[in-house]
Amino acid sequence: MTLWEIDVEPREGQPDLVGRGVCAEAADLGLAKGIDVRFVRGYLIQGAFDRDQIAQFTRELLADSVIETAKFDLVGADSLSTPPAEGWTLVNILAKPGVMDPVED
């Protein structure tokens, strides 16, 4: 079985509302002023899928191509584990198994 990672983020010029919210909350809590956060929604898909099938899942189910961009690759690939720019730190946060988000539902 292959494990794929799919990352979806706002398209250039689209607002990153979640990223802005994290920055504002961090500043309100006195944790970090002047930080910049880019929010990327990630998915892990495991199965006997090839690259074309993952591309189709991404295009038709997971990303809105009008306002979002998406990239995918095998978990651990350099293309998904490299920070977006010099000086940035890449942080992946996974929800605990079984934890539900009522807002997301």
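Residues numbered from 1 in each chain as written. Predicted model: local features only at pLDDT ≥ 70, side-chain atom pairs only at ≥ 80, totals over all residues. Heavy atoms only, no water.

Student: Hey, could you go over the pattern of salt bridges for me, with residue numbers and the actual values?
Tutor: For the coordinates displayed, the defined rule picks out three salt bridges. When the shortest N-O distance is used, the salt bridge between E68 and R41 registers 3.0 Å. In this pair, E68 is assigned in strand β3 (residues 68–74) and R41 in strand β2 (residues 41–47), connecting sequence segments 27 residues apart. E68 sits in the buried class, given a relative accessible area of 14%. Across the pair D73 and R51 runs a salt bridge whose closest N-O atoms are separated by 3.2 Å. Pair noted here: D73 is in strand β3 and R51 is in helix α2 (residues 51–62), with a separation of 22 residues, a long-range link. Residue classification places D73 among the buried residues on the basis of a relative accessible area of 16%. (Salt bridge = Lys/Arg side-chain N within 4 Å of Asp/Glu carboxyl O. Helix = DSSP H or I, 4+ residues; strand = E, 2+ residues; numbered from the N terminus. Buried < 20%, exposed > 50% of the residue type's maximum accessible area, 1.4 Å probe, protein only.)

Student: I'd like a description of the nonpolar core, backed by residues and values.
Tutor: Core analysis: the largest hydrophobic core is formed by nine residues, namely W4, I6, V8, I45, I54, A55, L62, A63 and F72. At the level of elements, β1 (2–10) and α2 are the ones that each hand at least two residues to this core. Not counting the four nearest positions on each side in its chain, F72 is found in contact with W4, E5, I6, R51, I54, A55, T58 and L80. (Core = buried A, V, L, I, M, F, W, Y, C linked by side-chain atoms within 4.5 Å. Contact = heavy atoms within 4.5 Å.)

Student: Tell me about the packing of aromatic side chains, and please be specific about residues and values.
Tutor: Each aromatic ring pair is described using two quantities: the centre-to-centre distance and the angle formed by the ring planes. Scanning the entire structure with this criterion turns up two aromatic pairs. When the ring of W4 is compared with that of F72, the centres are 6.3 Å apart and the planes differ by 65°; the resulting orientation is edge-to-face. Here F72 lies in strand β3 and W4 lies in strand β1, a separation of 68 residues in the sequence. The pair W4 / F72 is uniform in exposure class, with both members buried. Considering the side-chain rings of F49 and F57, the 5.1 Å spacing of their centres and the 85° angle between planes classify their relative orientation as edge-to-face. Residue F49 is classed as partly exposed on the basis of its relative accessible area of 26%. A relative accessible area of 24% places F57 in the partly exposed class. Sitting above the plane of the W88 ring, R38 keeps its charged end 5.1 Å from the centroid. (Phe/Tyr/Trp six-rings, centres within 6.5 Å; stacked < 30°, edge-to-face > 60°. Lys NZ or Arg CZ within 6 Å of the ring centre and 35° of its normal.)

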